[in-house]
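A look at the structure
Next come the chains, spelled out residue by residue.
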2 protein chains.
Amino acid sequence: MPASDDAPLSVWLRPEKPPRDRRLTRDRIVGRTVEILDAEGHRGLSMRRVATDLGVTAGSLYWYVTTKDELLELALDAVLGEVLADLRAAPAPGWREGLARLARSTRAMMLRHPWVVSDLTAQPNLGPNALALAEAGLAVLSRAGFAERDLDAALAAVNDQVTGAVAAEITWRTVTARAAARWPGEAGDLLAGLHRDHPRLARRMAAATGVDVDAECDRRFTFALDCLLDGLALRLAGGNGGDTTVGAPRGT
Amino acid sequence: MPASDDAPLSVWLRPEKPPRDRRLTRDRIVGRTVEILDAEGHRGLSMRRVATDLGVTAGSLYWYVTTKDELLELALDAVLGEVLADLRAAPAPGWREGLARLARSTRAMMLRHPWVVSDLTAQPNLGPNALALAEAGLAVLSRAGFAERDLDAALAAVNDQVTGAVAAEITWRTVTARAAARWPGEAGDLLAGLHRDHPRLARRMAAATGVDVDAECDRRFTFALDCLLDGLALRLAGGNGGDTTVGAPRGT
DNA sequence: ACCTGAACACCGTTCAAGT
DNA sequence: ACCTGAACACCGTTCAAGT
């Protein structure tokens with residue numbers, strides 16, 4: 001007969017103490033955060049969600065992180081590490097190809113983690129990987145012989161072009177994907193008015209809908225990148241730092 | 001003596017029926033939304049806040065708008081109208097100056113309404129002002145003689161450069177503003193490690209902290225824009241659409 | 001040191017019911 | 001047609017209390 005009503009019936013009915021390896025870590029929290037963001041975007045991410053995924057209460061996350069924004073900062077720097085790894089895996093033959101690889105690698109990372117775009121435009125971005133990435137970019141430009149005062153402006157130009165382009169690419173991709181699912185009812189009126197009021201835009205949109213989305217995105221991305229790199233090449237060859245007039249180019 | 005206990009005591013104690021002009025409109029809702037976003041950012045915006053500001057319940061907004069995202073779409077297009085007004089106020093003398101004005105006007109608008117950056121990277125952006133703006137940009141490039149298939153890519157390049165640059169500018173401005181308030185404790189360690197691990201980045205950051213923030217932001221913005229426009233000029237003059245090699249420039 | 005459980009002050013959205 | 005009031009299912013964050 002039982003000793004008392006609330007004495008334990010058996011060890012097996014009483015859950016084992018949580019083992020050491022089930023404990024939390026910043027890495028484990030950030031890792032799970034990235035996975036949730038990849039799978040469900042910012043809408044799917046909540047402190048409670050991360051916590052329950054890790055078998056823990058929401059409040060316990062605040063032992064490792066003081067705010068949700070901090071968690072996003074950590075997640076951002078984590079995926080920037082992927083770009084850094086790409087860069088270190090392949091040595092850059094010249095400044096132009098070096099910047100192009102940085103741009104392409106960043107774009108690929110952003111398409112793998114579409115949520116970083118909104119993070120990049122709202123976070124301080126001072127993590128170790130972000131700093132290392134900036135240093136690597138500056139090194140490429142510095143070795144190429146760019147003027148000291150143009151180093152950061154040139155790197156920023158490339159980075160800003162990439163983030164802006166990929167941001168537009170992502171929204172374009174999601175819009176076309178959703179529009180294709182429930183065509184043509186909702187967008188029909190818009191297209192009709194478009195031909196009447198904005199003929200050039202209508203023509204361009206018609207030309208873009210037929211072709212392969214991936215190919216079109218690639219084309220626009222490399223077009224903008226090439227334009228920008230050409231402009232930077234002019235500044236390197238002419239040596240007219242700060243002047244807006246175009247000097248004589250000397251190739252790459 | 002009173003007729004009954006729940007009969008009205010006096011007209012003056014009974015609130016007048018709400019007048020017609022206190023009723024809601026999409027314009028009034030969007031207008032108040034923009035004001036709140038300007039003053040307090042995305043964090044300060046909630047359906048309840050907009051509603052109470054307009055003297056109304058939160059639920060009533062859903063008669064005019066089916067979701068909060070829709071409200072943000074409307075707010076985005078509203079401020080894009082400011083750029084359109086700028087463009088129409090001053091005629092563009094040439095394609096290069098036309099694009100430059102578009103870029104500068106867009107940047108000024110974004111600095112007035114910093115919240116649009118996160119909107120632009122997360123919203124479909126198919127409003128009437130957005131469409132009119134795109135058509136105007138395409139018209140400028142088309143008249144300049146750009147190849148038909150390059151029209152949208154070239155316009156997108158400029159727009160993406162602007163949004164990327166202003167996004168970086170805004171976060172840079174807010175970080176430096178907050179950092180200056182509680183200097184040097186928190187950022188001291190970061191700067192110390194910076195000199196050791198990332199010398200070039202440390203040198204560039206040191207060069208940027210002394211100078212006027214506005215002037216530095218202007219410099220970087222025009223640097224990137226000039227580079228991009230130079231690259232576009234090459235494509236216009238050489239007629240080598242799609243080729244990445246640099247042709248001979250012929251000025252603006 | 002690390003985590004729980006419960007609470008606080010919010011959210012967006014829905015929907016019967018009123019006028 | 002337009003708005004209220006109340007509810008539903010969530011949020012981020014805090015903090016005593018446990019171990």
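Predicted, not measured: the structure shown is a model, and the values here were computed from it.

A separate point is the UniProt feature "domain: HTH tetR-type" (unreviewed entry) in chain A. As recorded in UniProt, the sites labelled "domain: HTH tetR-type" (unreviewed entry) are residues 23-83 of chain A. Annotation note: span residues 23-83 of chain A, helix share 69%, strand share 0%, distance between end C-alpha atoms 29 Å.

As a further point, take the pattern of salt bridges. Counting across every chain of the model gives 48 salt bridges over all chains. The salt bridge partner of Glu148(A) is Arg203(B), with a shortest N-O separation of 3.3 Å. Taken together, the positions of Glu148(A) in the loop between α6 (128-144) and α7 (151-181) and Arg203(B) in helix α9 (residues 199-210) put the pair across two chains. Its relative accessible area of 44% is what places Arg203(B) among the partly exposed residues.

The tally for this structure, following the rule as stated, stands at two aromatic pairs over all chains. Each ring, one from Trp95(A) and one from Phe146(A), has its centre 5.2 Å from the other, and the planes form 80°; the classification is edge-to-face. Of the two residues, Trp95(A) is situated in helix α4 (residues 95-112) and Phe146(A) in the loop between α6 and α7; the sequence distance between them amounts to 51 residues. Both residues of the pair, Trp95(A) and Phe146(A), belong to the buried class. Positioned above the aromatic ring of Phe221(B) is the side chain of Arg107(B), whose terminal nitrogen or guanidinium carbon lies 4.9 Å from the ring centre. Arg235(B) extends its terminal NZ or CZ atom over the ring of Phe223(A), reaching a point 5.9 Å from the ring centre.

Turning next to the relation of the copies chain B and chain A. Copy one and copy two of the chain differ by a rotation about an axis and a translation along that axis. Note on the copies: chain B fits chain A at an RMSD of 0.1 Å, the axial shift is 0.0 Å, and the rotation between them is 180°. Overall, the copies show the geometry of a two-fold rotation axis. The residues that chain B uses at the interface reappear at the interface of chain A in 100% of cases, marking a shared surface.

The next subject is the protein's contact with DNA strand D. Surveying the vicinity of DNA strand D reveals 17 residues, the closest of which are Arg48(A), Thr67(A), Lys68(A), Thr57(B) and Tyr64(B). Close to the protein, within 4 Å, the atoms of DNA strand D are drawn from sugar and phosphate at a rate of 59%. One of the backbone nitrogen or oxygen atoms of Lys68(A) is found 2.8 Å away from a phosphate oxygen of DNA strand D. A distance of 3.4 Å separates a base nitrogen of DNA strand D from a polar side-chain atom of Arg48(B).

Attention now moves to the interface of chain B and chain A. Contact with chain B, which involves 61 residues of that partner, is made by 61 residues of chain A. Of the roughly 5500 Å² buried where chain B meets chain A, counting both sides, 60% is carbon and sulfur surface. Together, Arg200(B), Arg204(B) and Phe223(B) form the three largest contributors to the area buried by chain B at its contact with chain A, with a combined 13%. Note that Glu135(A) and Arg200(B) form a salt bridge whose closest N and O atoms lie 3.6 Å from each other. Seen at the junction of chain B and chain A, the total is 18 residue pairs in polar contact (both at pLDDT 80 or more). For the side of chain B that touches chain A, the elements supplying multiple residues, two or more each, are α5 (116-120), α6 (128-144), α7 (151-181), α8 (185-197), α9 and α10 (213-238) of chain B. Sort the elements by how many residues they give to the side of chain B that touches chain A and α7(B) lands first, with 15 residues. Here the side of chain B that touches chain A is composed, by residue class, of 31 nonpolar, eleven polar and 19 charged.

All names here are of chain B. Here helix α3 (residues 68-89) crosses α6 at 35°, and the two axes come no closer than 8 Å. With respect to the hand of their crossing, α3 and α6 are arranged in left-handed fashion. Between α3 and α6, the residues in contact are Asp77, Ala78, Leu80, Gly81, Val83, Leu84, Leu87 and Arg88 and Pro128, Asn129, Ala130, Ala132, Leu133 and Ala136, respectively. Each residue belonging to the contact of α3 with α6 can be placed in one class, and the counts come to ten nonpolar, two polar and two charged.

What counts, and at which threshold
- Residues numbered from 1 in each chain as written.
- Chains lettered and ligands numbered in written order.
- Predicted model: local features only at pLDDT ≥ 70, side-chain atom pairs only at ≥ 80, totals over all residues.
- Heavy atoms only, no water.
- UniProt positions renumbered as here; feature names shortened; annotations may be inferred.
- Helix = DSSP H or I, 4+ residues; strand = E, 2+ residues; numbered from the N terminus.
- Salt bridge = Lys/Arg side-chain N within 4 Å of Asp/Glu carboxyl O.
- Buried < 20%, exposed > 50% of the residue type's maximum accessible area, 1.4 Å probe, protein only.
- Phe/Tyr/Trp six-rings, centres within 6.5 Å; stacked < 30°, edge-to-face > 60°.
- Lys NZ or Arg CZ within 6 Å of the ring centre and 35° of its normal.
- Least-squares fit on C-alpha atoms with pLDDT ≥ 70 in both.
- Contact = heavy atoms within 4.5 Å.
- Near = heavy atom within 4 Å.
- Polar contact = N/O pair within 3.5 Å; in protein donor to acceptor, adjacent residues only side chain to side chain.
- Buried area = accessible area lost by both parts, 1.4 Å probe.
- Nonpolar A, V, L, I, M, F, W, Y, C, P; charged D, E, K, R; others polar.
- Axes fitted to C-alpha atoms, helices over the stretch in contact; angles between N-to-C directions.
- Left-handed = near helix turned anticlockwise from the far one by under 90°.

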